[in-house]
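If you want the building blocks of each chain, they are given just below.
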Amino acid sequence: GQQLNQSPQSMFIQEGEDVSMNCTSSSIFNTWLWYKQDPGEGPVLLIALYKAGELTSNGRLTAQFGITRKDSFLNISASIPSDVGIYFCAGQEKGAQKLVFGQGTRLTINP
Amino acid sequence: DTAVSQTPKYLVTQMGNDKSIKCEQNLGHDTMYWYKQDSKKFLKIMFSYNNKELIINETVPNRFSPKSPDKAHLNLHINSLELGDSAVYFCASSQGLGNYEQYFGPGTRLTVT
């Protein structure tokens, strides 16, 4: 089945730095979502995107639906310690009735 | 007020046993899901139900049997547990078919020894 390629797999940054991660697919997607998972918890929905080119913010988080409909990006500005966790992209491929998930980006922040 | 809840949080059992995980959502959603997250954190859908009807069965072994007594509940029964079933199982829900904003429960960590 369709796989999403999420990168980077891990990031080690200083508090206050900006973060970027992305997700790519080989086919067209109709919906892109970004989730964050804290240890021992379920993924929490951060941002949902529905249209090619759409740029959506949620506080310090900004995500974009790529114009080709085959990728999405998540940026976090001015990172803080509570941003630590695993970030997942997820997408609904055109014609499919399910979400597929990326492999996750593990974010670690040095104070 | 928990939106999607699962019980138990942890489950440790021996190979060959049968176990169940329960899931309830109070969001008024029509669609519910079971996901499996492996040790590498990869999330993969197992089943989805819409208004108690099975929509997706993602080639899961038939030792796994979901049951939806009503649209707010989706339980997962697993027969003859195997070592490879050890994982974290997440329940999720969304408003309906075609709405992909899924809300996840806290997970059930299953360990088979």
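Residues numbered from 1 in each chain as written. Chains lettered and ligands numbered in written order. Predicted model: local features only at pLDDT ≥ 70, side-chain atom pairs only at ≥ 80, totals over all residues. Heavy atoms only, no water.

### Describing the overall build of chain A
Stated precisely, the cut-off is as follows: Helix and strand assignments follow DSSP, with helices taken as H or I runs no shorter than four residues and strands as E runs no shorter than two, numbered in order from the N terminus. This radius of gyration counts C-alpha atoms alone. The globule rule is 2.2 Å times how many residues there are, raised to the power 0.38. Classification of residues uses two cut-offs on accessible area relative to the type maximum, computed with a 1.4 Å probe and protein chains only: under 20% is buried, over 50% is exposed, and between them is partly exposed. The contact criterion used throughout is that any non-hydrogen atoms of two residues lie within 4.5 Å. Accessible surface area values rest on a Shrake-Rupley calculation with a 1.4 Å probe, where residue burial reflects the displayed protein chains alone. Positive residues here are Lys and Arg, negative ones are Asp and Glu, while His and the chain termini are left out of the count. Throughout, a charge is located at the NZ atom of Lys, the CZ atom of Arg, the CG atom of Asp or the CD atom of Glu.
Along the backbone of chain A there are zero helices and eleven strands. Written out in order from the N terminus, the α and β elements of chain A read β-β-β-β-β-β-β-β-β-β-β. Against the 2.2 N^0.38 benchmark of 13 Å for 111 residues, chain A shows a C-alpha radius of gyration of 13 Å, consistent with a compact globule. The principal-axis extent of the C-alpha atoms belonging to chain A is close to 45 × 25 × 20 Å. Looking at chain A as a whole, 48% of its 111 residues are labelled buried. Residue pairs at least 24 apart in sequence account for 54% of intrachain contacts in chain A once pairs closer than 6 positions are excluded. Surface summary for chain A: the accessible area is close to 5,100 Å², and the carbon and sulfur share equals 50%. One finds the centroid of the 8 positive side-chain charges in chain A at a distance of 12 Å from the centroid of its 9 negative side-chain charges.

### Focus on the overall build of chain B
Tallying secondary structure elements over chain B gives zero helices and eleven strands in all. When its helices and strands are written in sequence order, chain B yields β-β-β-β-β-β-β-β-β-β-β. The C-alpha radius of gyration computed for chain B amounts to 13 Å, which stays within 12% of the reference 13 Å derived for 113 residues, consistent with globular compactness. The principal-axis extents of the C-alpha atoms in chain B amount to approximately 35 × 30 × 25 Å. Classification of the 113 residues of chain B by burial places 44% in the buried group. Here the analysis covers contacts within chain B between residues at least 6 apart in sequence; of these, 55% occur between residues at least 24 apart. Here chain B carries 12 positive and 11 negative side-chain charges, and the mean point of each set is 6 Å from the other.

### Side note on the interface of chain A and chain B
Formally: Two parts placed together each lose some accessible area under a 1.4 Å probe, and the buried area is that loss summed for both. By salt bridge we mean one thing: a side-chain nitrogen of Lys or Arg within 4 Å of a carboxyl oxygen of Asp or Glu.
On the side of chain B, 19 residues touch chain A, which itself brings 21 residues to the contact. Carbon and sulfur atoms make up 59% of the area that chain A and chain B hide from each other, which totals about 1,700 Å². On the chain A side of the contact with chain B, Gln 97, Lys 98 and Phe 101 of chain A bury the most area, a combined 31% of that side's loss. Applying the counting rule to chain A against chain B returns one salt bridge. Lys 98 of chain A is the partner of Glu 58 of chain B in a salt bridge, and the nearest nitrogen-oxygen pair spans 2.3 Å.

### Observations concerning the sheet that holds strand 3 (residues 19-24) of chain A
Residue and element names in this part refer to chain A. Defined as follows: Strands pair, by our definition, only if DSSP identifies at least two bridges between them. Inter-axis angles, ranging from 0 to 180 degrees, are taken between N-to-C directions of lines fitted to C-alpha atoms, where helices are fitted over the stretch in contact.
Reading across from one edge, 1-3-8-7-6 is the order of the five strands in this open sheet, with antiparallel pairing throughout. Here the strands that pair on one side only, and so sit at the sheet edges, are strand 1 (5-7) and strand 6 (55-58). Geometrically, the sheet is characterised by an average inter-axis angle of 15° between neighbouring strands, direction not taken into account. Two strands pair when backbone bridges link them, and strand 7 (residues 61-65) and strand 8 (residues 71-76) are joined in this way by five bridges, in the antiparallel orientation.

### Here's the deal with the environment of Asn 50 of chain B
Residue and element names in this part refer to chain B. Selection rule: Polar contacts, as counted here, are pairs of nitrogen or oxygen atoms within 3.5 Å of one another; within protein the pair requires one atom able to donate a hydrogen and one able to accept it, and residues that are adjacent in sequence qualify only if both atoms are side-chain atoms.
Residue placement: Asn 50 occurs in strand 5 (residues 43-50). Looking at Asn 50, the relative accessible area reads 16%, which means it is buried. Separated by 26 residues in sequence, Asn 50 and Leu 76 have C-alpha atoms that sit 15 Å apart. Beyond its immediate chain neighbours, meaning those up to four positions away, Asn 50 contacts Asp 30, Thr 31, Ile 55, Gly 96 and Leu 97. Here Thr 31 takes part through its side chain, which lies 2.7 Å from a polar atom of the side chain of Asn 50.

### Here we look at the sheet that holds strand 7 (residues 64-70) of chain B
Residues and elements named next belong to chain B. If you trace the four strands from one edge of the open sheet to the other, you get 1-3-8-7, paired in antiparallel fashion. This sheet does not close on itself; its edge strands, each paired only once, are strand 1 (4-7) and strand 7. Direction aside, the axes of adjacent strands within the sheet are offset by 20° on average. With four bridges joining them, strand 1 and strand 3 (residues 19-25) adopt antiparallel strand pairing. Counterpart to Thr 7 in the pairing with strand 3 is Lys 22.

Shape is all these values report; function is a separate question.
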